[in-house]
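Commentary on secondary and tertiary structure
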Amino acid sequence: MVVYAITPRPDESAWLRYRLELAGSGVTDVARRLNMTHTVVSRVISGRRHSARIEAEIARILGYPGWNEMLKRLRTGAA
C-alpha cells in the first residue's frame, strides 16, 4: 500500500516555518542536516514538492511521529 504525503496549505506552511524557528531550527538548518538546499526544503514546506526525508525530519524536529500525523493534528486543532 502506498501512502501519499499530505500537502500543506498556505496557513499550514506558515505554521511549519514558525514552529521550526521556535524549535531553534529553520529551513536552512534542516537543509544542512540533510545535505540539501534550503530551496528544496522550502518547496516541501510550501507544498510544491514532496520528499519523505525532509518531511520526516521536520516532523521529528517538531515532535510528531510523522508528516501526515502532524498535519492531521494541525487540521483538527490538536497540534
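My aim in this report is to walk through the structure given alongside it, one point at a time. Counting starts from 1 at the beginning of each chain's written sequence and moves along it residue by residue. A pLDDT threshold of at least 70 governs which residues receive local features in this predicted model, and a stricter bar of 80 or more applies before side-chain atom pairs are shown or counted, although totals over entire chains, interfaces and linings include all residues. Side-chain numbers come from the whole structure's heavy atoms, not from hydrogens or water.

Looking at helix α1 (residues 10–22)
Each helix is a run of DSSP H or I of at least 4 residues and each strand a run of E of at least 2, with the numbering of both proceeding from the N terminus. To estimate the expected span of a helix, count its residues, drop one, and scale the result by 1.5 Å. With 13 residues, α1 extends 19 Å between its outermost C-alpha atoms, agreeing within 8% with the 18 Å of an ideal straight helix rising 1.5 Å per residue. Residue exposure (1.4 Å probe, protein chains only): buried if accessible area is under 20% of the type maximum, exposed if over 50%, otherwise partly exposed. All of the buried residues along α1 are E12, S13, W15, L16 and L20. Angularly, the buried residues of α1 cover 160 degrees about the axis, an arc narrow enough to put them on a single face. Facing away from the buried surface of α1 by more than 90 degrees, the exposed residues are P10, Y18, E21 and L22. Whether two residues are in contact is decided by their heavy atoms, any of which lying within 4.5 Å being enough. The secondary structure elements touched by the buried residues of α1 are α2 (27–34), α3 (38–46), α4 (52–61) and α5 (67–76). By definition, the arc is the one covered by directions from the helix axis to the C-beta atoms.

Quick look at the environment of S42
Within the secondary structure layout, S42 lies in helix α3. In contact with S42, other than residues within four places in its own chain, are R17 and V27.

Digging into unusual backbone geometry
For N35, which is not a glycine, the phi torsion comes out positive at approximately 55 degrees. Its location among the elements puts N35 in the loop between α2 and α3.

Re the side chain of E12
Assignment of secondary structure puts E12 in helix α1. Residues adjacent in sequence count toward polar contacts only when both atoms are side-chain atoms; beyond that, a polar contact is any pair of N or O atoms within 3.5 Å, and within protein one must be able to donate a hydrogen and the other to accept it. There is a polar contact of 2.6 Å between the side chain of E12 and the side chain of R75. Setting aside chain neighbours within four positions, we find E12 in contact with T7, L71, L74 and R75.

As for a positive patch on the surface
For patch detection, residues must exceed 30% relative accessible area and be free of salt bridges, and they are connected within 9 Å for like charges or within 5 Å for nonpolar side chains (Val, Leu, Ile, Met, Phe, Trp, Tyr). Areas reported as accessible are Shrake-Rupley estimates using a 1.4 Å probe. Residue values count occlusion only from the protein chains shown. By definition, a salt bridge exists where a carboxyl oxygen of Asp or Glu is found within 4 Å of a side-chain nitrogen of Lys or Arg. Positive: Lys, Arg. Negative: Asp, Glu. His and the chain ends are not part of the count. Here the site of a charge means atom NZ of a Lys, CZ of an Arg, CG of an Asp or CD of a Glu. Together, R17, R43, R48 and R49 line one region of the surface with positive charge. Following the sequence through the fold, R48 ends up in the loop between α3 and α4. What makes R48 exposed here is its relative accessible area of 63%.

Brief notes about the nonpolar core
By convention a nonpolar core is built from buried Ala, Val, Leu, Ile, Met, Phe, Trp, Tyr and Cys residues, the set being connected through side-chain atoms within 4.5 Å. Counting residues in each nonpolar core, the largest one holds 22 residues, and the members touching the most others are L16, V41, I58, L62 and M70. When contributions to this core are tallied by element, the ones reaching two or more residues are α1, α2, α3, α4 and α5. Ignoring sequence-local partners within four residues, the contact set of L62 consists of W15, L16, R19, L20, A23 and M70.

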